[in-house]
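Here is what each chain is made of, one letter per residue.
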Amino acid sequence: MNYKQQKSDKAYIWVNIDFDKVKHRIDAVTCQIERVIQKHQLSNQTGKSGERNN
């Protein structure tokens, strides 16, 4: 038996992606990240810059 024909070293997966939905999701996540950054900046400005809030 020739195993090279059965076992390919590359796999191709074709996926249908709705790019509008993906862009909407990316925008939502980006907005959440910006909120977290702003929250940390505000907490750092209130004199807690030496402490870490996790």
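Quantities reported herein were computed from a predicted structural model and do not represent experimental measurements. (Residues numbered from 1 in each chain as written. Predicted model: local features only at pLDDT ≥ 70, side-chain atom pairs only at ≥ 80, totals over all residues. Heavy atoms only, no water.)

Colleague: So what's going on with the pattern of salt bridges? Residues and values would help.
Modeller: Within the structure shown, the criterion is met by one salt bridge. Residue K23 is joined to D27 by a salt bridge in which the shortest nitrogen-to-oxygen separation is 3.1 Å. With a gap of four residues between them, K23 and D27 both fall in helix α2 (residues 19-45), about one helical turn apart. Judged by its relative accessible area of 40%, D27 falls in the partly exposed class. (Salt bridge = Lys/Arg side-chain N within 4 Å of Asp/Glu carboxyl O. Helix = DSSP H or I, 4+ residues; strand = E, 2+ residues; numbered from the N terminus. Buried < 20%, exposed > 50% of the residue type's maximum accessible area, 1.4 Å probe, protein only.)

Colleague: Residue-level account of a nonpolar patch on the surface, with values.
Modeller: Together, I13, V15, I17, F19, V22 and I26 give the surface a local cluster of nonpolar side chains, amounting to about 640 Å² of exposed area. Looking at the secondary structure, you find I17 in the loop between α1 (3-6) and α2. (Patch = residues over 30% accessible without salt bridge, like charges linked within 9 Å, V, L, I, M, F, W, Y side chains within 5 Å. Areas by Shrake-Rupley, 256 points an atom, 1.4 Å probe, with all protein chains shown as cover.)

So, to be careful, I would describe these as geometric facts and stop short of saying anything about function.
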